[in-house]
Structure formats: structure tokens, C-alpha cells
There are 2 protein chains.
Amino acid sequence: MRIDLNETANILENADNILLLSHSHPDGDTLGSASALARALISKGKRVRVECSDPIPKDFSFMFEGLDFGDFEPDLIAAIDIADTKLLGRDAEGKYSGKIGLCIDHHGSNILYADKVYLEPDSASTAEIIYLLLQKMNVEITPQIASCLFTGVTTDTGCFRFSNTTVRTFEIAAALAKAGADTYNIIQVFFETKTKTYAALERLALDSMRFYFSDRCAVICVTQDMYKRSGSDESETDRLANLPRQIEGVLVGVTMRELKDGSFKASVRTHGDIDASAICQRLGGGGHMGAAGCTLYGSKQQAVNSLLKEIQAEIDAYTID
Amino acid sequence: MRIDLNETANILENADNILLLSHSHPDGDTLGSASALARALISKGKRVRVECSDPIPKDFSFMFEGLDFGDFEPDLIAAIDIADTKLLGRDAEGKYSGKIGLCIDHHGSNILYADKVYLEPDSASTAEIIYLLLQKMNVEITPQIASCLFTGVTTDTGCFRFSNTTVRTFEIAAALAKAGADTYNIIQVFFETKTKTYAALERLALDSMRFYFSDRCAVICVTQDMYKRSGSDESETDRLANLPRQIEGVLVGVTMRELKDGSFKASVRTHGDIDASAICQRLGGGGHMGAAGCTLYGSKQQAVNSLLKEIQAEIDAYTID
């Protein structure tokens, strides 16, 4: 059942032992939102734990500094920034599916698996929602909370560059900066720093860029061999997803990454009214209007071809409109 | 004489025919600030003209849409975002030196050549100052003015990524977004769009990257030959300046560009307490703490060596501190 922000606040206020879940392959928004909410609830005297089925990447570890979660039986399980129970990760899915009392999310593709869902598909990040929620709960935005949320706000908007960025995004960013978020270092770490190995991988990836449909679609393909040659690995590939769409005239940018089992993760980024989520949903994936993903099987050429077919359909529909 | 913002507003209010000057090789801040101020003064019934010794690049032409400057004898000449009369460009320097009644600027290296100077060296951009000035003058921030200023705010901060970005920067950005600045398209044009020729040039430039001083300094060198091979030209090189400093561990990033006469323009970008302006001033250039530039003569190797000598001195001083 969809609920409003007041009821979301009430549900949290009325629980004492709260388990917050972040999605697998965690990013700045799921972890920033969960850690900020955890800090806020702890300040209200609750027992709180954040769980994620994957290890916390080192760039996000600052979010959990000084937090001591401990073990307890939760009376509320809340999923933060998780559109689908599949995204809990294999073990957590079996353990928590059907037991999630609350979900706070901004993915339009949310399958409404939780008892109560606060969903704002027009919000650029779940972190923006958490900011408003904390305001409603009269929680003081400490510098630590502000830094957690600022990380979510910036990482989910490409540092204000994606089309999901709104006036509210800028206003919340300004409020978080004022509350003491470590804006400079957060932006440096997530947007202005490249390891030498990533820089080498990026060059190889850019060399692989191919254009289709009169240059309206650009595809880069990152292979296992490129990891070997650059000294990089899969942990450094997130930022590659935006590169193809940056080329002037490109409406659909695709970054394919070869996984160790030979399958391909495709990240699709679009401009304007072209629906990345529609393209990926037809291939078993999902996401947002401007940014979505899916997994493809078969040879590299088969994977590219199946994607190109769906992209062509979407570009044609857009051009006819 | 240094003046405050109130007196700056008074000087402008008391003039009727105002010439605003932007610096040569104009950027988003000098043009965004001058065009926004021009629109504001016109709304107050003044006759205003903006002059720049170089043509307005097409990405900035939106700032002047609908403005009809006309010819008149100014009773006030105001330099906007111009640290030194040298930066007026050759003809304008001869024409206006000694006649500039007001300068509004944020460069700490400003040589105080104007009769009255409003200088805020801690402001990330002159556009931030103009925003505060227009507030003081009770000028309505129209969507057009907001877009001009938002361009200055973002281009001078690398879209909020540089260390000059402050809480006030975020607050003014939010206010400009709320006033109707076309934030998405401005950011797309200046930060998220690469021509195919620029993308090709960037790859060649990155291939040229060399490291010095235990990887604390990275230097890329863009040659005339690279323009030929990529189909690009000097107009597309501004963004290259930030690339070397992005590599993890690099404290000083340098981008050298070979000019047609064989000399080299060097853009120096630093992290932390390393003073780019000090490095460049010793070589006849100038700028800010984190971003400065100079022109070097001699062979490529001589140019690199003279820069490296100054950089080493600065890194050594920093490391000893």
C-alpha cells in the first residue's frame, strides 16, 4: 500500500528495533540514505542496524563510522532505495522477502513488494526523500547525516548533471552544505578522482566505442581482457556508464561490461524522452527513464544485437512522435 | 580604491550610459556576469553595452539574445571579472586603460587598475557577486538573468567540483534554479557534451600524460599535430585542463597546449595548499590558488622543464610545511 511521508514518519517513530536494508552492489544513494536514517533513528533512541548483502565499498565506509549496530530481533524491516526484492541479494531475498514492513524508494519501477511503500518516482534520489523525512521527524541534520545524504544526492544525479536533478535537488544540496556536509571531499572522491588503473581502463573503453543509427547510439564494451591490460577491475566501472551519452548527438549511450561468467551487464543512459527503462525492461532489467540496466547472455555480438534491436524500436518511436 | 557592495550598487545606479567589459578569450563567468548585469541595468532604464575583444563563442550566445546594445558614449566603464588590463585584449587595452571607473572581480591577483574595485577573492565566481549585487539593487532575477549567472557559477567551479565552491555557491545555485535558470541544458552544454572531435583529442591528450615527482605531478601536452589527427582545434581544449589533477595522488596537474607560433599555454591545477598562482606568477602568468596559467617559450622540453622546476619548489615547500 502506498503511503504518504507523514505515515512513513509515524511507522518509524512507532518502531523500536529497526532493520534497514540496502540493495546489493550498494551505491551512494542506498547506503547514504540508510546510514543517514540509521543515525537519525539512533538519535531518537531506537535500536537500528543497516544490512547489505555485499561488503561496503571503502569509499562509503565513512558513512558508518562510529555506528555500533549490535544484534537484535527487528520489529520493523525497512527497505531503502530497493525497487525489487531481487535486489536484496540472494541470501537476503530468501531471508526477508515477505517480511518487509516499509519501503522508501524513488524508482518508478518499484514492484510494491513491501506492506507500506513511500515512493516518489520524481525524486532524483532516495536521499532527498530521507532529508524531507528527517525534517518531518524534527531530527537535527548533523554534519555526519548531511554528508551521508549529500553523497546520495550527488551520486544519483551525477553531481547535478542528470535530467533527474530538480530545483529541490539544488535546495536540498544547499541545505546539506549549510548543515556541514563535507561537500568538497565527497565530490572529489566520487567525481574528480580517478585511479591510474581506472584512467587506463577508461582509455581502453573509449577506444572500443562504436556508433549506430546515424551516431544517435554509442556503445562501449568493457571486456575481461581490458581489466587485465589496465590493472583495473569491475569495481571501477560505474563511471564508464555515462561516457557514451556524453558524445554530442548521441541519444542512447550503452556501456556493456563482460562478467566473469561471460554474460554482459548493460548500462543504458538516454537523453530527452527516450525511455531507458523501457529498453531494459524488455530485456529483463529495469531502472529509470534516463538510466537503466539489464543482463544479457550469449556472445558479445548477440548481446549487442539484442540491445540494438530494442534501442532502434525506442529511437524510431521517439523520432516519429 | 577598494569599495564595498553598497558603493558598487550606488556607482551603477548613478550612471546612465554604462559600458561593461568582459575579458578576452571570454569564459562563462565574464560573459555570464556581464550579460546578467547588463540585463539588470537595462531593466532599470540604463543604456548598456557589453564589449569583448574576442567574438562570443556560440555556446554563450544565448546570454545576449534579445539584447540590443546600440552605440553611445559611456559615462561609466566597468570591467567585469578582469584581473588585469592586459586581459582586455590588445585593442581594448589601449582604448580603455586608465578610463575604467569600476571593476567587479573575484581574482585575488587583481592588480587594482580601476578607480573603484569591488573584489571578493573568496568568491568562487564573479557571477556570485553579481547575484548579491542584483539583490542589493532590488532587481528581479528573471529566468534569463538566472541562466546567465548559473553559467558563471557552474563554469568557474567545474560544476561545483573545485575547491572554491562554498555553501554560498550551493545556495546561490539553488536560488538561480528556483528563479528559472535552465540548469539542465546549461550543465549539459558545458559539462556533459563532447563533440566526437573533442573526444578524439581527449584520448590523444590522455595518451600523452607523463608523471613526475613520485606521481604527485601529471603533465599532458596537446600538440598542433593532435588537432590535425583528431579534427579538433584550440577552441575545444578548456576542459582538458582538469584531467591530470583527477588522477589519484596527483597534487599538481598541468595541461600544456602548443600554440601556432610554437609557444605553449600552460594551465596548472592544484590540490590542497599548493598554490597554482604562485607557480604561474614566477613564469609571468597568474590566476587563483587552485587554478592558474602562463605562457612558455622555447622547445616543448624546455617549456616542461621550466614549469617542473617551479612545481618542484612548490611541492617541496608544501611537503616540508
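Residues numbered from 1 in each chain as written. Chains lettered and ligands numbered in written order. Predicted model: local features only at pLDDT ≥ 70, side-chain atom pairs only at ≥ 80, totals over all residues. Heavy atoms only, no water.

## Thoughts on the side chain of T154 of chain A
Residue and element names in this part refer to chain A.
So, point 1. Checked against the element boundaries, T154 lands in helix α5 (residues 143-155).
So, point 2. Accessibility expressed as a relative area gives 0% for T154, which makes it buried.
So, point 3. A polar atom in the side chain of T154 sits 3.2 Å from the backbone oxygen of T151.
So, point 4. Apart from residues no more than four positions distant in its own chain, T154 is found in contact with C159, F160, I186 and F191. (Helix = DSSP H or I, 4+ residues; strand = E, 2+ residues; numbered from the N terminus. Buried < 20%, exposed > 50% of the residue type's maximum accessible area, 1.4 Å probe, protein only. Polar contact = N/O pair within 3.5 Å; in protein donor to acceptor, adjacent residues only side chain to side chain. Contact = heavy atoms within 4.5 Å.)

## With respect to the interface of chain A and chain B
So, point 1. Contacts between the two partners involve 36 residues from chain A and, on the opposite side, 36 residues from chain B.
So, point 2. Summing the contributions of chain A and of chain B, the shared interface buries around 3,500 Å²; its carbon and sulfur component is 57%.
So, point 3. Counting across the interface, chain A meets chain B through eight salt bridges.
So, point 4. Residue D207 of chain A is joined to R203 of chain B by a salt bridge in which the shortest nitrogen-to-oxygen separation is 2.7 Å.
So, point 5. Linking chain A with chain B are 18 residue pairs in polar contact (both at pLDDT 80 or more). (Buried area = accessible area lost by both parts, 1.4 Å probe. Salt bridge = Lys/Arg side-chain N within 4 Å of Asp/Glu carboxyl O.)

## Considering the packing of helix α5 (residues 143-155) of chain B against helix α6 (residues 167-178) of chain B
All names here are of chain B.
So, point 1. Running from amino to carboxyl end, α5 crosses α6 at an angle of 150 degrees, the nearest separation of the two axes being 9 Å. When the axis of α5 is compared with that of α6, the two are roughly antiparallel. Relative to α6, the crossing made by α5 is left-handed. Residue-level inspection shows A146, L149, F150 and V153 of α5 in contact with α6, the latter providing T169, I172, A173 and L176.
So, point 2. Among the residues forming the contact of α5 with α6, the class breakdown is seven nonpolar, one polar and no charged. (Axes fitted to C-alpha atoms, helices over the stretch in contact; angles between N-to-C directions. Parallel < 35°, antiparallel > 145°, perpendicular 65-115°, else oblique. Left-handed = near helix turned anticlockwise from the far one by under 90°. Nonpolar A, V, L, I, M, F, W, Y, C, P; charged D, E, K, R; others polar.)

## A word on the relation of the copies chain A and chain B
So, point 1. It takes a turn of 180 degrees to lay chain A on chain B, together with a shift of 0.0 Å along the axis; the resulting RMSD is 0.1 Å. Viewed as a symmetry operation, the transformation between the two copies matches a two-fold axis.
So, point 2. Here 100% of the contact residues of chain A are again contact residues in chain B; the copies associate through an equivalent surface. (Least-squares fit on C-alpha atoms with pLDDT ≥ 70 in both.)

## Some thoughts on the pairing of strand β4 (residues 102-105) of chain B
Residue and element names in this part refer to chain B.
So, point 1. Burial along β4 is two-sided: the residues L102 and I104 and C103 and D105 are all buried.
So, point 2. Pairing between strand β3 (residues 76-80) and β4: three bridges, direction parallel. Note that in β4 the partner of A78 across the bridge is L102.
So, point 3. At this point the chain moves from β3, through helix α3 (residues 90-96), to the parallel β4, and the crossover so formed is right-handed. (Pairing = 2+ DSSP bridges. Right-handed = clockwise from strand over helix to strand, strands pointing away.)

## Some details on the pairing of strand β7 (residues 217-222) of chain B
Residue and element names in this part refer to chain B.
So, point 1. Across the six residues of β7, six count as buried, placing the element largely inside the fold.
So, point 2. Across the two faces of β7 the burial is the same, with C217, V219 and C221 and A218, I220 and V222 all buried.
So, point 3. Two elements, strand β6 (residues 210-212) and β7, share three bridges in a ladder whose sense is antiparallel. Counterpart to R210 in the pairing with β7 is V219.
So, point 4. The turn linking β6 back onto β7 is made up of four residues, and F213 within it adopts a positive phi angle of 50 degrees.
So, point 5. The pairing of β7 with strand β8 (residues 252-258) spans six bridges and is parallel. Along β8, the bridge assignment pairs V219 with V254.

## Quick look at helix α1 (residues 5-14) of chain A
Residue and element names in this part refer to chain A.
So, point 1. Every buried residue of α1 is listed here: L5, T8, A9, I11 and L12. The arc that holds the buried residues of α1, viewed along the axis, is 160 degrees, so those residues lie on one side.
So, point 2. Residues of α1 that are buried sit in contact with β1 (17-21), α2 (28-43), β3 (76-80), β4 (102-105), β5 (116-119) and α4 (126-136).
So, point 3. With a side-chain oxygen positioned 3.2 Å from the backbone nitrogen of N6, the residue opening α1 is D4. (Arc of directions from axis to C-beta.)

## So, the sheet that holds strand β11 (residues 291-296) of chain A
Residues and elements named next belong to chain A.
So, point 1. Strand order in the open sheet formed by six strands is β6-β7-β8-β9-β11-β10, with mixed pairing between adjacent strands. Lying at the two open borders of the sheet, with one neighbouring strand each, are β6 (210-212) and β10 (286-287).
So, point 2. Examined bridge by bridge, strand β9 (residues 264-270) and β11 share six bridges and lie antiparallel to one another. Across the sheet, the residue bridging to S267 is G293, located in β11.

## Structural notes on the packing of α5 of chain A against helix α7 (residues 183-192) of chain A
All names here are of chain A.
So, point 1. At a minimum axis separation of 10 Å, α5 and α7 run at an interaxial angle of 40 degrees. By the angle between their directions, the pair α5 and α7 is classed as oblique. By crossing handedness, the relation of α5 to α7 is classed as right-handed. When α5 is examined against α7, the residues S147, F150, T151, T154 and T155 are found in contact with a partner set consisting of T183, I186, I187, F190 and F191.
So, point 2. Class assignment for the residues of the contact of α5 with α7 results in five nonpolar, five polar and no charged.

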